[in-house]
Amino acid sequence: GFGVNRKDVMYNDFIFVGPENDPARILGEKNALNVLRKIAKKKHYFVSRGDDSGTHKKELSLWKNVKIKTERMWYKEVGQGMGRVLQISNELGAYTLTDRGTWLTMIPKLSLKLLSEGDPKLYNPYSIIAINPALYPKVNYIGAISLIEWITSQEGKKLIEKYKINGETLFIPT
C-alpha cells in the first residue's frame, strides 16, 4: 500500500563471476543451483553482499533451494554494495553473484571472468512505482505519474535499449 501504479520497466539478469582458473569448474554451467553446489563442494571463497539488497535476497533464495549451509571458512558476507563486492571477490579470487549491469561497468577494473549465465532463476526485473498519495499527501503524485508514463513510453524504452557499455546492452525494456 505504500506504492501505487506499479509498471514493469526493464530487466537484466544475475550472473556468476569468479577467478579465471575456475577451481569449482562452473564455466558454462546453466543451472544456478548446480553452480552453488559446485562452489560449496570445493569450499572455494564466495563473497556475498550481505546487505539485504535485492541481489542478496536472490542469492539467499538460491542457497536455500540447494539446501546447503554456508560456512564461514569459505562464505564471506561483507555488507557492501555490488561494486565493492566485485572488488573484494577480485582480491580474494572468489566467486560472487552479480547483476549484469554492475558487472559491465566494472569489467575493466577486474580480473574476474563471467563463468555462468542463462538460468531463468536469475531473471532480474525492474519496475517503477509511485508513492501512494493517500498515505503521503505531500508527494508530487502527478509528477510521479508523468515519469512513469515517460519511462514506459516508446521513447523511454528506446533510450533504455540504446544504453550500452562496451557495446553490451545493460537492460532490456519490457
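Model, not experiment: these values are computed from the prediction.

## A word on the overall build of the chain
When you go through the chain residue by residue, the secondary structure sums to 6 helices and 9 strands. Taken across its 174 residues, the chain has 39% of its residues classed as buried. Long-range contacts, defined as pairs at least 24 residues apart, comprise 71% of the intrachain contacts of the chain with a sequence gap of at least 6. Each charge sign in the chain was given a centre, from 27 positive and 18 negative side chains, and these centres are 4 Å apart.

## What to know about the pattern of salt bridges
Overall, the coordinates contain 7 salt bridges when judged by the stated rule. A salt bridge links Arg84 to Glu91; the nearest nitrogen and oxygen atoms lie 3.7 Å apart. What makes Arg84 partly exposed here is its relative accessible area of 34%. A salt bridge links Glu117 to Arg100; the shortest N-O distance between them is 2.6 Å. One end of the pair, Glu117, is in the loop between strand S5 (113–116) and strand S6 (123–131); the other, Arg100, is in helix H4 (residues 100–106), with 17 residues separating them in the sequence. Given the relative accessible area of 31%, Glu117 is considered partly exposed.

## Some thoughts on the packing of aromatic side chains
Applying the stated criterion across every chain, the model contains 7 aromatic pairs. When the ring of Trp63 is compared with that of Tyr75, the centres are 6.0 Å apart and the planes differ by 90 degrees; the resulting orientation is edge-to-face. Note that Trp63 is positioned in helix H2 (residues 54–66) and Tyr75 in strand S3 (residues 75–77), a separation of 12 residues in sequence. On the basis of relative accessible area, Tyr75 is assigned to the buried category, the value being 8%. One aromatic cluster is present, built from ring pairs that chain together Phe46, Trp63, Trp74 and Tyr75.

## Let's talk about the environment of Ile160
The topology assignment puts Ile160 in helix H6 (residues 154–162). Along the backbone, Ile160 and Thr174 are 14 residues apart, and their C-alpha atoms lie at a distance of 9.9 Å. Ignoring any residue separated from it by four or fewer positions in sequence, one finds Ile160 in contact with Val9, Met10, Ile151, Phe171 and Pro173.

## Observations concerning the packing of helix H1 (residues 32–42) against H2
Put simply, H1 and H2 touch, their axes get as near as 9 Å, and they point 75 degrees apart. Taken together, the axes of H1 and H2 are roughly perpendicular relative to one another. Every residue of H2 that contacts H1 at Ala32, Leu33, Leu36, Arg37 and Ala40 is listed here: Leu62, Trp63, Asn65 and Val66. The residue inventory of the contact of H1 with H2, partitioned by class, reads 7 nonpolar, 1 polar and 1 charged.

Cut-off values and rules
Residues numbered from 1 in each chain as written. Predicted model: local features only at pLDDT ≥ 70, side-chain atom pairs only at ≥ 80, totals over all residues. Heavy atoms only, no water. Helix = DSSP H or I, 4+ residues; strand = E, 2+ residues; numbered from the N terminus. Buried < 20%, exposed > 50% of the residue type's maximum accessible area, 1.4 Å probe, protein only. Contact = heavy atoms within 4.5 Å. Lys, Arg positive; Asp, Glu negative; His and termini not counted. Charge placed at Lys NZ, Arg CZ, Asp CG, Glu CD. Salt bridge = Lys/Arg side-chain N within 4 Å of Asp/Glu carboxyl O. Phe/Tyr/Trp six-rings, centres within 6.5 Å; stacked < 30°, edge-to-face > 60°. Axes fitted to C-alpha atoms, helices over the stretch in contact; angles between N-to-C directions. Parallel < 35°, antiparallel > 145°, perpendicular 65-115°, else oblique. Nonpolar A, V, L, I, M, F, W, Y, C, P; charged D, E, K, R; others polar.

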